[in-house]
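Survey of secondary and tertiary structure
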Amino acid sequence: MATTKPISIIVAIDENNGIGLKNNLLAYIPADLKRFKEITTGHTVIMGKNTWLSLPKRPLPERRNIVITSHKEEMFNGAVVANSLNEAIDILSDNDESFVMGGASIYRQMFPLATKLYLTLIHKTFEADTFFPEIDYSQWTEIERIKITDDPKTDFDYTYLTLVRKGNG
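If you're wondering where the values come from, they're calculated on a predicted model, not measured in any experiment.

Cut-offs and rules
Residues numbered from 1 in each chain as written. Predicted model: local features only at pLDDT ≥ 70, side-chain atom pairs only at ≥ 80, totals over all residues. Heavy atoms only, no water. Pairing = 2+ DSSP bridges. Helix = DSSP H or I, 4+ residues; strand = E, 2+ residues; numbered from the N terminus. Core = buried A, V, L, I, M, F, W, Y, C linked by side-chain atoms within 4.5 Å. Buried < 20%, exposed > 50% of the residue type's maximum accessible area, 1.4 Å probe, protein only. Contact = heavy atoms within 4.5 Å. Phe/Tyr/Trp six-rings, centres within 6.5 Å; stacked < 30°, edge-to-face > 60°. Lys, Arg positive; Asp, Glu negative; His and termini not counted. Salt bridge = Lys/Arg side-chain N within 4 Å of Asp/Glu carboxyl O. Polar contact = N/O pair within 3.5 Å; in protein donor to acceptor, adjacent residues only side chain to side chain. Axes fitted to C-alpha atoms, helices over the stretch in contact; angles between N-to-C directions.

Details of the sheet that holds strand 3 (residues 24-25)
One open sheet accounts for three strands, arranged 3-2-9; its pairing is antiparallel. The open sheet is flanked by strand 3 and strand 9 (130-131), the only strands paired with a single partner. As judged from the two bridges shared by strand 2 (residues 18-21) and strand 3, these two strands associate in the antiparallel manner. By the bridge assignment, L21 is partnered in strand 3 with N24.

Okay, structure coming up:
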């Protein structure tokens, strides 16, 4: 399904494209969580049920939360429920950037539709059971790169990398 809606993906991945273990983030990076909040506040965030359930606070404040679930009877207090990927896309604004925030299945399905990636590349490998799709960097243009080498809250370096899909400005 093609769409012209501005769909972005925001994710932190380790050196093996790992994104999670047992429905938890691989690493606690307070600065990255702050960046996530700054980027997504005032916008729509899209997630699967497991990501919703993993949130410490639901719904995420000051954002429209969309939860995708195939179980039509499920309701999530404070969130808009979509029963398919197509239904979620139909709900999205035609002009306002929306953010896909997980989990792995939602990332996989939305990746071909995404026009922008906000990546936090963790320069370390963790034990993981969920992974982000492989990125063909030749299909993307880098518009921002910020390397963090001095975060006192982590024992590893990481890089904020923002990419736009070629052909999408």
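Having put the structure on the table, let's press on.
With respect to the nonpolar core
By size, the foremost hydrophobic cluster in this structure holds 29 residues, and its most contacted members are I9, M110, L117 and F132. At the level of secondary structure, the elements contributing two or more residues to this core comprise strand 1 (7-13), strand 5 (64-68), helix 3 (85-91), helix 4 (104-110), strand 8 (116-122) and strand 11 (158-165). Apart from the residues within four sequence positions on either side, M110 is in contact with I7, I9, I46, L85, I89 and V100. Ranked by size, the runner-up nonpolar core spans 15 residues in total, among them I10, V45, L55 and M101.

As for the environment of Q139
Within the element layout of this structure, Q139 appears in the loop between strand 9 and strand 10 (140-148). Relative accessible area serves as the criterion here: at 40%, Q139 is assigned to the partly exposed category. The residues touching Q139, leaving out its near neighbours within four places in the chain, are V164, R165 and K166.

Notes on the packing of aromatic side chains
Counted by the stated rule, this structure contains eight aromatic pairs. Aromatic side chains F99 and Y118 sit 5.5 Å apart centroid to centroid with 50° between the ring planes, which places their arrangement in the tilted category. Here the residue F99 occupies a position in strand 7 (residues 98-100), and Y118 occupies one in strand 8, the gap between them amounting to 19 residues. Taken individually, F99 and Y118 each receive the classification buried, so the pair is uniform in this respect. Centroid distance Y107 to F132: 5.1 Å. Interplanar angle 70°. Geometry classified as edge-to-face. Highlighted residues: Y107 in helix 4 and F132 in the loop between strand 9 and strand 10, separated in sequence by 25 residues. Pair check on accessibility: Y107 and F132 agree, each one buried.

Focus on the side chain of K116
Summarising the element assignment, K116 is placed in strand 8. Despite its burial, K116 remains without a salt bridge, the nearest opposite charge being carried by E97 at 4.3 Å. Side-chain polar atoms of K116 contact the side chain of Y118, separated by 3.1 Å. Leave out the neighbours within four places in its chain, and K116 touches I7, S8, I9, E97, W140, I143, T162, L163 and V164.

Things to note about the sheet that holds strand 11
The strand order 6-5-4-7-1-8-11-10 describes an open sheet built from eight strands, whose pairing is mixed. On the outer flanks of this sheet lie strand 6 (80-82) and strand 10, each paired with one strand and no other. The mean angle between the axes of side-by-side strands here comes to 20°, regardless of whether they run parallel or antiparallel. Pairing of strand 5 with strand 6, which is carried by three bridges, proceeds in the parallel orientation. Bridged to V67 within strand 6 is V81.

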